Amino acid sequence: MNNMRFTFITVFILGLFSCAEKKGEEIPAAFREVHTYQLNLDRFTSPVEDYYQYVKNWKGQEAYAFHVMGKEEIKLYNLEDGALIETLAYGENQPNLQSGVYDFHILNEDSIFLSRRRAYKVYLINQEFDIVKTMDFMGGNDEIDPNTGWPNSKDTFLPVWSRNRCFRKIGDKIFIAGAPNFDARFPEGTYTKTMLNSYSLRTDEISNLLGYPEKMQGKAWGGFDMVFSDYNPEEDLFVHGYAADERVYITDRAMNQIHDFEAFPKGYKNVPPLTVKEVESNDAYSSHWQDNDLFGSIHWDPYRKLIYRIMEEPNVNYNKDMLRDPLERARNMVVMAFDTKQDYRKVAEMRLKKSEKGVYLDRCFVNEKGFNITYVDLENEDKLYFKTFLVE
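Now for a description of the structure that goes with this document. What you are looking at is a predicted structure, and each value in this text was computed from that prediction instead of being measured. (Residues numbered from 1 in each chain as written. Predicted model: local features only at pLDDT ≥ 70, side-chain atom pairs only at ≥ 80, totals over all residues. Heavy atoms only, no water.)

On to the overall build of the protein, then. When you go through the protein residue by residue, the secondary structure sums to four helices and 25 strands. Taken over C-alpha atoms, the radius of gyration comes to 22 Å for the protein, in line with the 21 Å a tight globule of 392 residues would show. Viewed in the frame of its principal axes, the protein has a C-alpha envelope of about 80 × 55 × 45 Å. The burial tally for the protein puts 51% of its 392 residues in the buried class. The long-range fraction of contacts in the protein, counting pairs at least 24 apart against all pairs at least 6 apart in sequence, stands at 53%. On the protein, roughly 19,000 Å² of surface is accessible, and the fraction owed to carbon and sulfur atoms is 47%. Mean positive and mean negative side-chain charge positions of the protein (48 and 62 charges, respectively) differ by 3 Å. (Helix = DSSP H or I, 4+ residues; strand = E, 2+ residues; numbered from the N terminus. Rg over C-alpha atoms; globule rule 2.2 N^0.38 Å. Buried < 20%, exposed > 50% of the residue type's maximum accessible area, 1.4 Å probe, protein only. Contact = heavy atoms within 4.5 Å. Areas by Shrake-Rupley, 256 points an atom, 1.4 Å probe, with all protein chains shown as cover. Lys, Arg positive; Asp, Glu negative; His and termini not counted. Charge placed at Lys NZ, Arg CZ, Asp CG, Glu CD.)

See below:
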């Protein structure tokens with residue numbers, strides 16, 4: 001009887017360890033670097049601006065754009081030769097947008113969306129900087145709670161799509177990522193459906209569409225309270241990946257789940273929810289963010305029918321005093337590719353390590369050349385590079 005009990009306990013403990021650390025499968029292909037883009041940044045543009053966008057066509061040129069908040073300008077650089085193409089000085093030309101603008105999205109040269117997120121508003125401007133439309137994301141009957149500073153309604157959200165979160169215009173709707181009006185230290189926000197939302201440009205109707213998977217609900221995730229999404233227009237499907245979830249989800253526009261699959265690298269360890277200590281201690285809360293694997297952006301590749309997913313490894317050099325420096329807090333990254341033609345099988349995996357010379361950042365885009373990943377040369381921050389990779 002004692003031997004049977006010992007065997008059961010041993011098997012149970014081994015089972016716990018196998019659940020905690022994931023063992024990847026055999027991978028048939030590999031990433032190969034095939035190209036490098038170089039941008040020659042002006043003296044106002046930082047290589048780590050918080051708000052950025054790949055623009056497939058800006059007046060006939062493939063471009064990359066940055067929001068330079070301190071100047072209230074959007075700067076577009078030509079990917080081909082790295083030169084500054086144009087500066088959109090919205091603050092100088094539109095008095096109603098002279099402060100509080102964060103996220104932006106360039107649909108085309110005559111349609112640019114700007115988010116004044118703290119006011120719960122998004123503005124659509126044209127090339128003359130006229131405000132064509134104002135989108136109010138706080139319902140007319142909602143009010144700000146004087147104790148929290150947040151709206152009372154659980155359906156209200158901050159329009160936030162920076163850092164590779166979603167903004168897409170499909171038909172007469174925009175699909176936009178949102179931040180719930182809850183403190184991420186507590187589990188209440190995991191029951192909302194405000195992580196991805198739609199806004200009708202025709203009727204102004206707002207619909208909350210996407211929340212947490214059931215297995216993540218009722219737990220506090222702290223800095224892991226994000227979902228990254230991309231859109232496959234050929235099949236009219238979305239692809240979603242949560243920062244603390246090893247699975248990827250395929251949904252339709254109404255966010256009905258079509259499929260899901262495992263999407264983690266070798267050696268991945270499950271991210272635990274916050275403990276009581278991590279909720280109550282700021283240092284422990286920050287350590288939870290730095291000490292765990294973090295899933296990042298997800299990208300649909302229409303040219304090669306692949307899905308790419310980024311995972312950042314724990315920050316072994318974590319220093320709480322340097323958290324505000326994006327280059328200091330940069331982590332080693334794992335890049336994965338999944339083939340939609342092979343039932344979403346993982347076909348390539350690559351680890352990118354930071355060094356004293358430079359760091360890779362999870363600021364990526366897909367174009368005809370391949371999958372492009374930001375690289376910052378720490379010895380020359382006036383240049384910004386995008387390393388292009390193909391799966392072969």
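Here the narrative resumes.
Time to look at the environment of Thr134. Position of Thr134 among the secondary structure elements: in strand β9 (residues 131–136). In this structure the C-alpha to C-alpha distance between Thr134 and Lys121, which are 13 residues apart in sequence, comes to 6.9 Å.

Here is the key point about a regular strand: its side chains alternate between the two faces of the sheet. Of all seven residues in strand β21 (residues 333–339), seven are buried; the element is thus mostly enclosed. Of the two faces of β21, both are covered, the one formed by Met333, Val335, Ala337 and Asp339 as well as the one formed by Val334, Met336 and Phe338. Pairing of strand β20 (residues 306–312) with β21, which is carried by seven bridges, proceeds in the antiparallel orientation. In the strand pairing of β21, Glu312 is matched with Met333. Relative to strand β22 (residues 345–352), β21 runs antiparallel, the two sharing seven bridges. In the strand pairing of β22, Met336 is matched with Glu349. Remark: five residues form the turn of the hairpin made by β21 and β22, two consecutive strands paired antiparallel; Asp343 in that turn has positive phi of roughly 55°. (Pairing = 2+ DSSP bridges.)

Here we take up the sheet that holds strand β18 (residues 257–262). Working definition: the strands of a sheet are paired by backbone hydrogen bonds and lie parallel or antiparallel to each other. Strand order in this open sheet of four strands is β15-β16-β17-β18, and the pairing throughout is antiparallel. The open sheet terminates on both sides in strands that have one partner only, identified here as β15 (227–232) and β18. Adjacent strand axes in the sheet meet at a mean angle of 20°, parallel and antiparallel pairs treated alike. Relative to strand β17 (residues 247–251), strand β16 (residues 237–242) is paired through four bridges, and the arrangement is antiparallel. The partner of His240 across the bridge, within β17, is Tyr249. (Axes fitted to C-alpha atoms, helices over the stretch in contact; angles between N-to-C directions.)

This paragraph deals with a negative patch on the surface. On the surface, a cluster of negative charge is made up of Glu109, Asp110, Glu128 and Asp130. Considering the arrangement of structural elements, one finds Asp110 in the loop between β6 (104–108) and β7 (111–116). (Patch = residues over 30% accessible without salt bridge, like charges linked within 9 Å, V, L, I, M, F, W, Y side chains within 5 Å. Salt bridge = Lys/Arg side-chain N within 4 Å of Asp/Glu carboxyl O.)

What the four strands build is an open sheet, ordered β6-β7-β8-β9; its pairing is antiparallel. The sheet is open, and its two borders are formed by β6 and β9, each paired with just one other strand. If you compare each strand with its neighbour and ignore which way they point, the axes differ by 15° on average. When strand β8 (residues 121–125) meets β9, the two strands line up antiparallel, connected through five bridges. The partner of Ile125 across the bridge, within β9, is Ile131.

Here Ser198 lies in strand β13 (residues 196–200). Given the relative accessible area of 4%, Ser198 is considered buried.

Function cannot be read off these values alone, since they describe shape.
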